[in-house]
Amino acid sequence: MTHLKILFVNRTHSYVFDYIILLCIYAILTFMQKFGIVLRQNGSSMQMRARVCDLLGKRPNRQARVVTFSHKRNKKVQHVNLQSKKYFSDDLGRNIKLRLSTKGMKTVEKYGGIDAAAKKFGLNLNKF
């Protein structure tokens with residue numbers, strides 16, 4: 001136990017550990033450069049997104065309960081029925097892939113296209 005206290009009190013040991021960590025980082029970066037592994041600024045190209053409708057903003061209901069036969073109440077999450085759907089935007093001249101709830105898909109059909117629905121709900125289609 002006294003040896004651990006000496007390690008934390010004496011600053012020369014921490015410089016050694018810092019140097020070892022820097023060497024490890026340098027070795028990892030040279031390995032990545034050798035095999036052509038590129039770090040992106042935002043990390044991975046695949047990003048975890050919340051289960052939220054892109055158009056309507058519907059979120060999971062975390063207040064729900066299941067009532068059993070013995071009348072125990074257990075918490076449960078009612079998720080939004082999200083679907084990945086591609087739409088063609090006339091304004092942008094390209095396809096747009098959105099995660100919409102099924103109600104959001106009906107809303108797009110109601111307004112006659114993704115451009116009109118996005119204008120109605122104030123959605124910027126350039127980020128998709």
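Scroll up for the structure.
Residues numbered from 1 in each chain as written. Predicted model: local features only at pLDDT ≥ 70, side-chain atom pairs only at ≥ 80, totals over all residues. Heavy atoms only, no water.

Engineer: Mind laying out helix α4 (residues 114-121), listing which residues take part and the relevant values?
Structural biologist: Buried within α4 we find I114, D115, A117 and A118. The arc enclosing the buried residues of α4, seen along the axis, measures out at 165°, which places them on a common side. For α4, the exposed residues set more than 90 degrees away from the buried face come down to K119 and K120. Positive backbone phi, approximately 70°, marks G122, located one or two places after α4. (Buried < 20%, exposed > 50% of the residue type's maximum accessible area, 1.4 Å probe, protein only. Helix = DSSP H or I, 4+ residues; strand = E, 2+ residues; numbered from the N terminus. Arc of directions from axis to C-beta.)

Engineer: Report on the pattern of salt bridges, specifying residues and quantitative values.
Structural biologist: Applying the stated criterion across every chain yields a total of one salt bridge. Residue D54 is joined to R49 by a salt bridge in which the shortest nitrogen-to-oxygen separation is 2.6 Å. (Salt bridge = Lys/Arg side-chain N within 4 Å of Asp/Glu carboxyl O.)

Engineer: Please give an account of the nonpolar core that cites residues and values.
Structural biologist: Ranked by size, the top nonpolar core spans 15 residues in total, and within it L55, Y87, L98, L100, V108, I114 and L125 carry the most contacts. For this core, the secondary structure elements donating two or more residues are β3 (82-89), β4 (94-101), α3 (102-111) and α4. The contacts of L98, once residues within four sequence positions are left out, are D54, Q83, S84, K85, Y87, I114 and F128. (Core = buried A, V, L, I, M, F, W, Y, C linked by side-chain atoms within 4.5 Å. Contact = heavy atoms within 4.5 Å.)

Engineer: Break down the packing of aromatic side chains for me, with residues and values.
Structural biologist: The tally for this structure, following the rule as stated, stands at one aromatic pair. Between the aromatic rings of Y111 and F121, the centroid separation amounts to 6.2 Å while the plane-to-plane angle is 90°, which identifies the pairing as edge-to-face. Of this pair, Y111 sits in helix α3 while F121 sits in helix α4, placing them 10 residues apart in sequence. Taking the ring centre of Y87 as reference, the NZ or CZ of K85 above it sits at 5.5 Å. (Phe/Tyr/Trp six-rings, centres within 6.5 Å; stacked < 30°, edge-to-face > 60°. Lys NZ or Arg CZ within 6 Å of the ring centre and 35° of its normal.)

Engineer: Account for the side chain of D54, with residues named and values stated.
Structural biologist: As for its placement among the helices and strands, D54 is situated in the loop between α2 (11-34) and β1 (65-67). Looking at D54, the relative accessible area reads 14%, which means it is buried. For D54, the side chain forms a polar contact with the side chain of R49, separated by 2.6 Å. In contact with D54, other than residues within four places in its own chain, are R49, L98, R99, L100, L123 and F128. (Polar contact = N/O pair within 3.5 Å; in protein donor to acceptor, adjacent residues only side chain to side chain.)

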